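# A look at the structure
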Amino acid sequence: MRTKRALVIMILMLVFMVGFNGTIYGQPIYPGKPVQLVVAYGPGGAQDIFWRTVKEDLEKNLKGTISIVNKPGAGGALGSDFVANAKNDGYTLLGVATSTKTVIPAVDPKGVSDIHPIALAFRTPLALVAKNDSPMKSLKDAIAYAKEKPGGLTCSTQGIQAEAYFDLQLVAQAAGIKVTHVPNANPTDAIASVLGGHVDLYLGSLTAVLPLSKAGKLRILGITSDRKLPDKPDLPTFAELGFPQANLDLYAGLWGPKDLPQEVFTTWQRALKVVLGNPDLQATLRKSSMYIEVEVDREKIISLIKESFEKINQIAIKEGIRVK
Amino acid sequence: MESIVNLITGLGTALQPINLLYCFVGVFIGTLVGVLPGIGPIGALSLLLPITFHVPPVSGFILLLGICYGSQYGGSTTSILVNIPGEASSVVTCLDGYAMARKGKAGPALGMAAFASFYAGTIGLFGLVFLAPSLAELGLRIGPPEYFSLMTFGLTLVLYLSSSSIEKALMMACVGLILAMVGLDPITTRARFTYGVMALRDGVGFAQVVIGLFGLSEVLTTIEGSLKREVFQTHIKGLLPTLRDWKDSFLPMTRASILGFFMGIIPGISVVIPTFVTYALEKRISRHPERFGTGVIEGVAVPEAANNAAAEGTLVPLLSLGIPTGATNALILGALMIYGLNPGPLLIKDSPHVFWGVIASMYIGNGMLLLLNLPLIGIWVKILKIPYHILFSTIILFCLIGAYTINNNITDMYIMILFGGLGYLMRKFDYAAPPLILALVLGPLMESSLRRSIIISKGSFSIFFERPISALFLGLALLMLISPFIARKRLGPDILREAGDE
């Protein structure tokens with residue numbers, strides 16, 4: 001009986017020794033197990049599509065597995081909170097836009113999560129559109145209309161939790177007009193309202209409106225980009241139209257909880273640079289209006305975020321908007 | 001005529017063996033995710049999305065769409081067998097489907113659900129082929145004021161969704177509307193009734209409530225021993241609908257298909273609301289409204305026809321304008337962009353072989369679904385013979401998984417459990433769940449469209465009466481409310497009394 005127990009104990013010890021093999025003979029290579037990439041938005045959105053498109057190439061480069069999990073809710077706050085509270089071993093990372101550090105702190109301080117950028121990956125410009133047969137053929141027309149009929153011009157955005165609203169206010173302030181804001185959290189519905197002539201303008205992601213503008217149903221009056229888009233030079237930027245301050249766009253990337261090991265940073269930054277540098281992939285993503293702009297320099301990311309935050313916060317204070 | 005020629009060319013694409021395979025894989029996965037409560041098409045679509053990048057766009061598109069309409073087929077199975085809607089669009093199917101299963105007629109109910117889906121799929125497809133471009137523009141004329149009036153009309157239908165008293169139905173509708181207010185205010189983004197819970201900011205999720213109210217509360221009620229086991233076991237009468245069932249269902253499901261298709265075209269309506277509306281309307285015009293809810297075959301055929309037709313209706317704005325209705329279509333739109341297909345008004349012109357190939361494949365897929373689902377009926381019915389302790393533990397497990405996978409969020413599980421308990425009490429005191437659910441579905445859209453309309457009209461309520469379509473819907477709502485007095489249609493207690501007499 002006693003020998004049997006001793007045997008069992010020895011076998012158990014052996015099993016454990018084999019199990020701890022990795023730690024005994026040096027550090028395991030990151031990523032040694034599947035990385036859970038939490039996308040803080042629902043399936044089908046720009047962020048979700050982006051990560052699913054690049055997932056396979058990233059896996060090859062990292063020689064590991066990535067599993068994408070959507071945790072939508074509260075404008076990205078639920079997913080961000082989840083990652084902020086996850087173990088900081090680099091196996092739970094987050095795909096989210098900079099708005100969590102620019103818009104949210106300004107309008108909803110309670111919704112801020114303790115997440116830290118690893119790299120920013122792509123930008124999507126926002127576009128201001130009108131119905132094609134609307135009398136407003138340009139931004140100038142729209143501003144003239146608003147001056148003629150104060151409050152008569154209606155424009156939809158996704159609401160105060162996204163950049164578009166602030167771009168709209170930046171243009172309105174600079175032009176000295178008052179626009180009646182019609183918030184609509186559902187971009188599809190908002191676009192349908194413009195197409196049906198119920199609302200004059202819509203300001204939102206270029207991805208959703210581009211096909212309709214190509215087909216001649218919507219007219220793009222301006223986009224939020226500092227430079228002309230290389231593949232769509234015919235689209236006027238707000239900067240060209242005299243509103244350089246209205247340049248808040250969607251800039252999304254990879255984030256993690258605080259105090260990640262340095263190895264996680266270097267591994268992912270290198271992988272993203274290599275994978276997203278592929279011109280074919282860039283061309284594919286450009287079709288969905290996602291423009292690769294990899295930024296891994298921490299200082300630069302922070303100053304970029306700070307600049308946008310201050311711009312947004314100023315409007316938030318002036319307009320008295322805050323999630324209560 | 002041109003459409004027919006195009007459709008035949010499309011059939012050539014769709015009938016290529018590889019595309020047939022993708023179509024089959026799509027509808028098969030669709031059926032599976034449809035059957036499993038909570039695990040919806042969105043999850044399956046996003047998982048399979050990267051795989052479709054490696055195949056020709058038309059094949060990928062066929063696969064993804066197959067999952068979508070396949071899930072509409074499968075959603076009814078658990079509704080009928082265990083009173084848990086597999087998909088949100090199968091909530092209404094529970095009412096008569098489960099009642100039929102309790103009478104031992106699960107087979108005919110499942111069979112009719114499959115046939116009605118196929119039938120509606122066919123009607124919807126013809127609508128799609130011949131009317132798509134012209135109808136898309138029509139759907140756009142529904143703006144915020146029209147939405148509000150349409151929702152008001154929808155809300156009057158709660159009167160027809162309860163088999164007990166009208167007062168209780170109205171109370172439940174009010175509870176539903178109050179629940180619909182939870183979350184961030186759609187205009188001012190003020191938090192309402194969230195009590196600091198982050199997950200409540202987006203409101204009380206409809207799917208969680210449904211799984212709790214139907215699935216979990218069903219288990220709780222049955223454990224109490226109110227249901228006799230023998231009912232299920234002894235009389236499983238036939239597996240297919242009888243000629244009489246066909247006669248009873250044919251006209252209602254034709255109406256439901258047409259109405260469902262047209263409602264699906266309106267961006268923002270999606271597939272859930274049409275099932276409620278068509279069911280309530282059929283009950284309204286039926287010669288025996290008192291029997292709805294007690295297990296009539298039309299009660300299964302109508303919502304199943306409506307959700308399939310509506311699912312195809314939603315493809316009208318998607319394919320002809322690039323405007324997706326609901327998350328599933330949004331995902332497909334995203335996929336099309338990655339394929340480089342330029343979804344939107346130009347899709348038909350730029351890639352006719354894709355457009356018509358996909359349309360033709362949907363027809364083939366519908367046939368496959370019918371062939372796939374009919375033999376499965378025999379297997380599904382056997383589920384009812386599983387011992388209760390195993391069946392119920394499994395149901396509770398699926399309720400929990402289903403609630404969690406909606407947003408991968410634990411709070412949704414708590415909400416589901418809470419509504420399971422509430423649903424149990426509601427059954428005890430004879431309060432019907434459907435009015436609550438309808439109000440919860442209509443509420444957010446009704447509120448935001450009301451407030452958007454008022455913003456657009458600068459505070460004037462006349463906007464609802466000045467616009468013809470809006471005025472029409474409001475008129476219909478009024479008619480719906482006063483017609484019982486004029487026609488002396490029997491409602492509420494009278495229905496109950498008559499049902500008791502039978």
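Numbering of residues starts from 1 in every chain and runs along the sequence as written. The naming scheme follows written order: chains are lettered A onward, ligands numbered 1 onward. Whole-chain, interface and lining totals are the exception, using all residues; otherwise, since this is a predicted model, local features are given only for residues with pLDDT of at least 70 and side-chain atom pairs are given and counted only at 80 or more. Each side-chain value is derived from all of the structure's non-hydrogen atoms; neither hydrogens nor water enter the calculation.

## Regarding the overall build of chain B
Tallying secondary structure elements over chain B gives 23 helices and 2 strands in all. A compact globule built from 502 residues should have a C-alpha radius of gyration of about 23 Å, and chain B, at 22 Å, falls within 12% of that. Expressed along its principal axes, the backbone C-alpha trace of chain B runs to roughly 60 × 60 × 50 Å. Residues classed as buried in chain B amount to 62% of the 502 residues present. Long-range contacts, defined as pairs at least 24 residues apart, comprise 80% of the intrachain contacts of chain B with a sequence gap of at least 6. Surface exposure here means Shrake-Rupley accessible area, sampled with a 1.4 Å probe, where a residue is shielded only by the protein chains that are shown. Put simply, chain B shows about 18800 Å² of open surface, and 71% of that area lies on carbon and sulfur atoms. Strands are runs of DSSP state E lasting at least two residues, helices are runs of H or I lasting at least four, and both sets are numbered from the N terminus onward. C-alpha atoms define the radius of gyration in this analysis, and the globule rule sets the expected value at 2.2 Å times the number of residues to the power 0.38. Burial status follows relative accessibility: with a 1.4 Å probe on protein chains alone, a residue under 20% of its type maximum counts as buried, one over 50% as exposed, and anything between as partly exposed. We call two residues contacting when some pair of their heavy atoms lies within 4.5 Å.

## A closer look at the pairing of strand E4 (residues 116-124) of chain A
Residues and elements named next belong to chain A. E4 sits mainly inside the fold: 8 of its 9 residues count as buried. Between any two strands, pairing holds if DSSP finds at least two bridges. By the bridge criterion, 7 bridges tie E4 to strand E10 (residues 250-256) in an arrangement that is antiparallel. Within E10, the residue paired with His116 across the bridge is Gly256. Looking at chain direction, E4 and strand E11 (residues 291-295) are connected through 3 bridges and run antiparallel. Paired with Phe122 across the bridge in E11 is Ile292.

## Topic: the interface of chain A and chain B
With 47 residues of chain A at the contact, the number on the chain B side is 49 residues. The term buried area means the drop in 1.4 Å probe accessible area that two parts suffer when joined, counted for both and summed. Taken over both partners, the interface formed by chain A and chain B buries close to 4000 Å², and the fraction arising from carbon and sulfur atoms is 61%. The term salt bridge refers to a side-chain nitrogen of Lys or Arg lying within 4 Å of a carboxyl oxygen of Asp or Glu. Applying the counting rule to chain A against chain B returns 2 salt bridges. Two residues, Asp108(A) and Arg201(B), come together in a salt bridge whose shortest N-O distance is 2.5 Å. Polar contacts, as counted here, are pairs of nitrogen or oxygen atoms within 3.5 Å of one another; within protein the pair requires one atom able to donate a hydrogen and one able to accept it, and residues that are adjacent in sequence qualify only if both atoms are side-chain atoms. Linking chain A to chain B there are 12 residue pairs in polar contact (both at pLDDT 80 or more). Note on residue categories: nonpolar means Ala, Val, Leu, Ile, Met, Phe, Trp, Tyr, Cys or Pro, charged means Asp, Glu, Lys or Arg, and polar means any other residue, Gly included. Of the residues assigned to the side of chain A that touches chain B, the class counts are 17 nonpolar, 18 polar and 12 charged.

## What about the confidence of the model for chain B?
All names here are of chain B. Looking at chain B, pLDDT values average 85 and 93% of them are 70 or higher. Within chain B, no element has a lower average pLDDT than helix H23 (residues 493-501), which sits at 47, and none a higher one than helix H19 (residues 410-428), at 94. Note on scores: pLDDT gives the predictor's confidence for each residue, bounded by 0 and 100. Here residues 495-502 is modelled with pLDDT under 50, and outside its nearest four sequence neighbours on either side it reaches 9 contacts, counting other chains as well. On the interface metric, ipTM, the complex scores 0.83, and its pTM is 0.85.

## Observations regarding the packing of helix H3 (residues 46-62) of chain A against helix H3 (residues 41-52) of chain B
To obtain each axis, a line is fitted to C-alpha atoms, and for helices this fit is confined to the stretch in contact; angles are then taken between N-to-C directions over 0 to 180 degrees. Interhelical geometry of H3(A) versus H3(B) gives an angle of 45° and a closest axis separation of 9 Å. By the criterion of interaxial angle, the relationship of H3(A) to H3(B) is oblique. For the crossing formed where H3(A) meets H3(B), the hand is right-handed. Between H3(A) and H3(B), the contacting residues are Ile49(A), Arg52(A) and Glu56(A) on the first element and Ser46(B), Leu47(B), Leu49(B) and Pro50(B) on the second. Class assignment for the residues of the contact of H3(A) with H3(B) results in 4 nonpolar, 1 polar and 2 charged. The labels follow the angle: roughly parallel below 35 degrees, roughly antiparallel above 145, roughly perpendicular from 65 to 115, and oblique for the rest. Should the near helix be turned anticlockwise from the far one by less than a right angle, the crossing is left-handed, and should it be turned clockwise, the crossing is right-handed.

## A look at the side chain of Thr98(A)
All names here are of chain A. Residue position: Thr98 is located in the loop between strand E3 (92-97) and helix H5 (99-107). With a relative accessible area of 6%, Thr98 lands in the buried category. Once you skip the residues sitting within four places of it in the chain, Thr98 turns out to touch Leu120, Glu163, Tyr251, Trp255 and Ile305.

## Re the packing of aromatic side chains
All names here are of chain A. Two rings from Phe, Tyr or Trp (for Trp, the six-membered ring) form a pair when their centres are within 6.5 Å of each other. A pair whose planes differ by under 30 degrees is stacked, one over 60 is edge-to-face, and the rest are tilted. This model, assessed by the stated rule, comprises 15 aromatic pairs over all chains. Through a chain of ring-to-ring contacts, the aromatic side chains of Phe50, Trp51 and Phe122 assemble into a single cluster. Only when the NZ of Lys or the CZ of Arg is both within 6 Å of the ring centre and within 35 degrees of the ring normal is a charge said to sit over the ring. Its end group placed over the ring of Phe82, Lys71 keeps NZ or CZ at 4.2 Å from the ring centre.

## Concerning helix H11 (residues 243-265) of chain B
Residues and elements named next belong to chain B. What a helix should span is 1.5 Å times the count of its residues minus one. If you check H11, its first and last C-alpha atoms are 33 Å apart, about what 23 residues at 1.5 Å a residue would give, namely 33 Å. Here the bend at a residue means the angle between the axes of two seven-residue stretches, the one that ends at it and the one that starts at it. In H11, a bend of some 40° at Ser249 exceeds every other bend along the element, and Pro252, a proline, comes one to four places later. The set of residues buried in H11 consists of Asp245, Ser249, Pro252, Met253, Thr254, Ala256, Ser257, Gly260, Phe261, Met263, Gly264 and Ile265.

## Brief notes about the sheet that holds strand E5 (residues 126-131) of chain A
Residues and elements named next belong to chain A. If you trace the 5 strands from one edge of the open sheet to the other, you get E7-E6-E8-E5-E9, paired in mixed fashion. Only two strands of the sheet have a single partner each, and these edge strands are strand E7 (180-183) and strand E9 (218-223). Strand-to-strand twist across the sheet, computed as the mean angle between neighbouring axes with direction ignored, equals 30°. Where E5 lies against strand E8 (residues 201-205), 5 bridges are found, and the strand directions are antiparallel. Following the sheet pairing, Leu126 is matched in E8 by Ser205. With respect to the sheet, helix H9 (residues 206-214) is in contact with E5, E8 and E9, its orientation differing from that of E9 by roughly 135°.

## A word on the packing of helix H4 (residues 57-82) of chain B against helix H13 (residues 298-313) of chain B
All names here are of chain B. As a packed pair, H4 and H13 sit with axes 9 Å apart at the nearest point and diverge in direction by 160°. Classified by the angle between their axes, H4 and H13 sit roughly antiparallel to one another. The two elements H4 and H13 meet at a crossing, and its hand is right-handed. Across the interface between the two elements, Tyr69, Gln72, Tyr73, Ser76 and Ile80 from H4 touch Val300, Glu304, Asn307, Asn308 and Ala311 from H13.

## Considerations on the sheet that holds E3(A)
All names here are of chain A. With respect to topology, 6 strands assemble into an open sheet ordered E2-E1-E3-E10-E4-E11, the strand pairing being mixed. The open sheet is flanked by strand E2 (66-70) and E11, the only strands paired with a single partner. Direction aside, neighbouring strands of the sheet carry axes that sit 25° apart on average.

## Side note on the side chain of Asn329(B)
All names here are of chain B. Mapping Asn329 onto the fold places it in helix H15 (residues 326-339). For Asn329, a relative accessible area of 6% puts it in the buried group. A polar atom in the side chain of Asn329 sits 3.4 Å from the backbone oxygen of Thr325. Filtering out sequence-adjacent residues up to four positions away, Asn329 remains in contact with Thr314, Leu315, Leu318 and Pro324.

## What to know about the environment of Lys382(B)
All names here are of chain B. Looking at the element boundaries, Lys382 is found in helix H17 (residues 352-383). Owing to a relative accessible area of 57%, Lys382 belongs among the exposed residues under this scheme. The spatial distance from the C-alpha of Lys382 to the C-alpha of Thr156 is 39 Å, given a sequence separation of 226 residues.

## Description of the pattern of salt bridges
The tally for this structure, following the rule as stated, stands at 20 salt bridges over all chains. Across the pair Glu293(A) and Arg123(A) runs a salt bridge whose closest N-O atoms are separated by 3.1 Å. Of the two residues, Glu293(A) is situated in strand E11 and Arg123(A) in strand E4; the sequence distance between them amounts to 170 residues. A salt bridge links Arg451(B) to Asp185(B), with the nearest nitrogen and oxygen atoms 2.8 Å apart.

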